[in-house]
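If you want the building blocks of each chain, they are given just below.
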Amino acid sequence: MIDVQPIPAFDDNYIWLLTRPGYDGCAVVDPGDEDPVIERLRALGLALDAILVTHKHGDHVGGIRGLKAEWPDAVVYGPAGEPVRTLERRLRDGDRVTLPGLGVAFGVLDVPGHTEGHIAYHGDGMLFCGDTLFAAGCGRVFSGTFEQLSVSLQRLGRLPPETRVYCAHEYTLANLGFAAWVEPDSELLGARTARDRAARERGEPTVPSSIADELATNPFMRTDQPAVVAAAARWAGHALCDRDAVFRALRTWKDRDYD
Ligand SMILES: [Zn+2]
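Quick notes on the rules
Residues numbered from 1 in each chain as written. Predicted model: local features only at pLDDT ≥ 70, side-chain atom pairs only at ≥ 80, totals over all residues. Heavy atoms only, no water. Helix = DSSP H or I, 4+ residues; strand = E, 2+ residues; numbered from the N terminus. Buried < 20%, exposed > 50% of the residue type's maximum accessible area, 1.4 Å probe, protein only. Contact = heavy atoms within 4.5 Å. Core = buried A, V, L, I, M, F, W, Y, C linked by side-chain atoms within 4.5 Å. Donors = N, O, S within 2.8 Å, 3.2 Å for Na, K, Ca; no water. Tetrahedral: all angles 85-135°; square planar, octahedral: opposite > 155°, others 65-115°. Pairing = 2+ DSSP bridges. Axes fitted to C-alpha atoms, helices over the stretch in contact; angles between N-to-C directions.

A. Summary view of the side chain of S150. Structurally, the position occupied by S150 is in helix 4 (residues 146-157). On the basis of relative accessible area, S150 is assigned to the buried category, the value being 3%. If we skip the residues at most four places from it in the chain, S150 touches R243, D244 and F247.

This is the structure:
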């Protein structure tokens, strides 16, 4: 059974470390910085087999060169649709990444919107989704489009509900604050906020969440729910015709008024 641990980086990034008990290799997801990874792998006596990258932003790819200098045999996987020169295997929707030493394989999902070629890795009950879906939120629209991100989130919402969601940032409490603007009467949201606030007070990550958690409390995954549609329409000042329009209103509301 594979084990997944966060390696904190910068202010609020998580670089995910994948290991298997009794095996001395490992993989990391989205290493924005090599230093904390090298330190952790040395402490654990692990060699790096593979680097999995979700998108082109520096806080996800900045550590690749430094890790390759340390472990030249590590294979660097990432999105075919993004300009990252350090990638060695360029992945498209439907491709598979097999990590035999860890005994795990991931399917590749195209989930554009935050960036134009963002991918996610799904397998073994886990989803590594970079900056597309966050716990209780989603990424900003940078080099993709609102419509792309709306569709990508709906796609992730159709994964099995028990899927564990490993996003790349600890933004959860701030995201839950905005979610409460959208659905102030949600008991599920209140319960999740209490649970996640307690985790942070203990110094623990709130990630992973699950697809079920996100469908229940993440407004950006709930653009078909009447309370969310009504709140977004109130902010926009007019009726919203479909899920993509609701998504665009929510994302713009949060960008302009919340953070
Ligand atoms: Zn990003």
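B. Representation of the nonpolar core within the structure. Counting residues in hydrophobic clusters, the biggest one holds 56 residues, and the most contacted among them are L18, L99, Y121 and F128. At six residues, the largest contribution of residues to this core is made by helix 9 (residues 243-258). Contacts of L99, omitting those with residues within four sequence positions, involve A27, A50, L52, Y77, V104 and F106. With 21 residues, the next largest nonpolar core counts L48, I64, W71 and A74 among its residues.

C. Representation of the coordination of the zinc ion in the model. On the protein side, the zinc ion has H55 (NE2), H57 (ND1), H114 (NE2) and D131 (OD) as donor atoms, found 2.2 to 2.3 Å from it. Bound by four donor atoms, the zinc ion shows angles of 90 to 165° at the metal and therefore irregular coordination geometry. Motif for the zinc ion, donor spacing along one chain: H-x1-H-x56-H-x16-D.

D. Structural context of the sheet that holds strand 6 (residues 89-91). The strand order across the open sheet formed by six strands is 1-2-3-4-5-6, and the pairing between neighbours is mixed. In this open sheet, the two strands that pair with only one neighbour each are strand 1 (3-9) and strand 6. Neighbouring strand axes in the sheet, compared pairwise and without regard to direction, differ in orientation by 25° on average. Here strand 5 (residues 75-79) pairs with strand 6 via three bridges, running parallel. Paired with G78 across the strands is R90, a residue of strand 6. Taken strand by strand, helix 1 (residues 35-44) contacts strand 1, strand 2 (13-19), strand 3 (25-29) and strand 4 (47-52), and its axis lies near 135° from that of strand 1.

E. A look at the sheet that holds strand 9 (residues 119-123). Taking strand neighbours across the sheet as the criterion, the six strands line up as 7-8-9-10-13-14 in an open arrangement whose pairing is mixed. Of all the strands in the sheet, just strand 7 (96-99) and strand 14 (209-210) have a single pairing partner and so form its edges. Judged from the four bridges that link them, strand 10 (residues 126-130) and strand 13 (residues 164-167) form a sheet pairing that is parallel. Its bridge partner being in strand 13, M126 is matched across the sheet by R164.

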